[in-house]
Amino acid sequence: MKPGDRLMRHYLQFKDLRAEEYGYLFERARIIKTRFKNYEKYNPLVDRTLAMIFEKASTRTRVSFEAGMYQMGGSVVHLTATDSQFGRDEPVEDAARVISRMVDIVMIRTFEQSKLEAFAAHSRVPVINGLTNEHHPCQVLADVFTYIEQRGSIAGKVVAWVGDGNNMANTWLQAADILGFTLHLSTPSGYEVDAQRVGIRNPRCVKTFKSPFAACEGAHLVTTDVWTSMGYEAENEARQKAFADWCVDAQMMQLAQRDALFMHCLPAHRGEEVAAEVIDGPQSVVWDEAENRMHVQKALMEYLLLGRIG
Ligand code: CP
Ligand code: NVA
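The rules behind these values
- Residues numbered from 1 in each chain as written.
- Chains lettered and ligands numbered in written order.
- Predicted model: local features only at pLDDT ≥ 70, side-chain atom pairs only at ≥ 80, totals over all residues.
- Heavy atoms only, no water.
- Pairing = 2+ DSSP bridges.
- Helix = DSSP H or I, 4+ residues; strand = E, 2+ residues; numbered from the N terminus.
- Axes fitted to C-alpha atoms, helices over the stretch in contact; angles between N-to-C directions.
- Near = heavy atom within 4 Å.
- Polar contact = N/O pair within 3.5 Å; in protein donor to acceptor, adjacent residues only side chain to side chain.
- Areas by Shrake-Rupley, 256 points an atom, 1.4 Å probe, with all protein chains shown as cover.
- Nonpolar A, V, L, I, M, F, W, Y, C, P; charged D, E, K, R; others polar.
- Buried < 20%, exposed > 50% of the residue type's maximum accessible area, 1.4 Å probe, protein only.
- Contact = heavy atoms within 4.5 Å.
- Phe/Tyr/Trp six-rings, centres within 6.5 Å; stacked < 30°, edge-to-face > 60°.

### Here's the deal with the sheet that holds strand β3 (residues 105-109)
Piece 1. Sheet architecture is open: four strands sit in the order β2-β1-β3-β4, paired in parallel fashion. Of all the strands in the sheet, just β2 (75-80) and β4 (127-129) have a single pairing partner and so form its edges. The sheet shows a mean angle of 20° between the axes of neighbouring strands, direction not considered.
Piece 2. Relative to β3, strand β1 (residues 49-54) runs parallel, the two sharing five bridges. Bridge assignment links Ala 51 to a residue of β3, and that residue is Val 106.

Now the structure itself:
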């Protein structure tokens, strides 16, 4: 692909795709997952290379992208801040110009969204957000796919977010706006989501609650995340105090719908943002959620590189 190519698309935030495109991707992910489970070979990305750039730690994102790319016949280059010039202040624009001449698609996990955007603006190939301080679209892509697998359409449903107004919360908010569900948000004071900054069109897709218990009432899905995200470790002590009442426990789950699901993007801290009995209990789908990262990202890479199939 060349710069300015009309067909080239990046995936930097959840709102980069339309509802109808998500419908397509969820169906492709279902087909790709079924083939994988049946040990059917599917190698549409032979001779294609994915560069993965990690400036923060990862388990799921690395394994899901790397395994997924190999399963589709492609290969992977893995770069970190410590083993590349990324950690030595080479301008991100220069890195983008160089890396994107050698590979077909790039996944980046970094700090500021603006850095990811600067890379994408100078890239000849599609760029995928593998997590920034502000967004984590691949995770919510997997989460919504997991909800659909378990319960059907998410449109019209209620998702309760209990915890930090972080990258995951921002992404859930964009997803609610695009996919037509309602997000019940409960964050401690000082850790709110800035809906204006996240950029939503329908203000009715979000309701905020002081009490995390009230947020969970009637929810079809309850979800949370760590109290201290990567890059915010210096705030850990203050956060431990501020978030003490934002632990998803059995009492909160009881206020949700009887068949409500529990999700967590992982890694989790039992006894902090979630009680062990919830994450290890019957309503939790966290392992399916983690596995589905791979299936949805295979569908996403296929879409960004090959367009619609069939
Ligand atoms: N959920 C998620 O992105 O996990 P990793 O940080 O392990 O990649
Ligand atoms: N909000 C967390 C998500 C980790 C997958 C973080 O950014 O560290």
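### A word on the site of ligand 1
Piece 1. Taken together, the neighbourhood of ligand 1 is formed by Ser 58, Thr 59, Arg 60, Thr 61, Arg 109, His 136, Gln 139, Cys 265, Leu 266 and Arg 293.
Piece 2. Note that an oxygen atom of ligand 1 is positioned 2.7 Å from one of the backbone N or O atoms of Thr 59.
Piece 3. Considered on its own, ligand 1 offers 260 Å² of accessible surface; in the complex 95% of this is hidden by protein.
Piece 4. The residue inventory of the shell around ligand 1, partitioned by class, reads two nonpolar, five polar and three charged.

### Some details on the sheet that holds strand β9 (residues 261-264)
Piece 1. Ordered by their spatial adjacency, five strands build an open sheet running β7-β6-β5-β8-β9, and the pairing between neighbours is parallel. With one partner strand each, in any of the chains shown, β7 (206-208) and β9 form the two edges of the open sheet. Pairwise comparison of adjacent strand axes, ignoring direction, gives a mean angle of 20° for this sheet.
Piece 2. Here four bridges tie strand β8 (residues 221-224) to β9, and the two strands are oriented parallel to one another. Looking at the pairing, Thr 224 lines up with His 264 of β9.

### Comments concerning the environment of Asn 170
Piece 1. With respect to the secondary-structure elements, Asn 170 resides in helix α6 (residues 167-179).
Piece 2. Since its relative accessible area comes to 11%, Asn 170 is described here as buried.
Piece 3. Remark: the alpha-carbon pair of Asn 170 and Phe 14, spanning 156 residues in sequence, is separated by 9.3 Å.
Piece 4. Among all residues touching Asn 170, those that are not within four sequence positions of it are Glu 134, His 135, Gly 165, Val 193 and Val 198.

### Some words on the packing of aromatic side chains
Piece 1. Under the counting rule described, the total for this entry stands at seven aromatic pairs.
Piece 2. The interplanar angle of 45° and the centroid separation of 5.5 Å between the aromatic rings of Tyr 24 and Tyr 303 together place this pair among those described as tilted. Residue Tyr 24 is found in helix α1 (residues 19-37), and its partner Tyr 303 is found in helix α12 (residues 286-306); the two are separated by 279 residues along the sequence.
Piece 3. In this structure Tyr 303 comes out as buried when scored by relative accessible area, which is 11%.
Piece 4. For the pair Phe 26 and Phe 145, a centre-to-centre distance of 6.4 Å together with 20° between the ring planes defines the contact as stacked.

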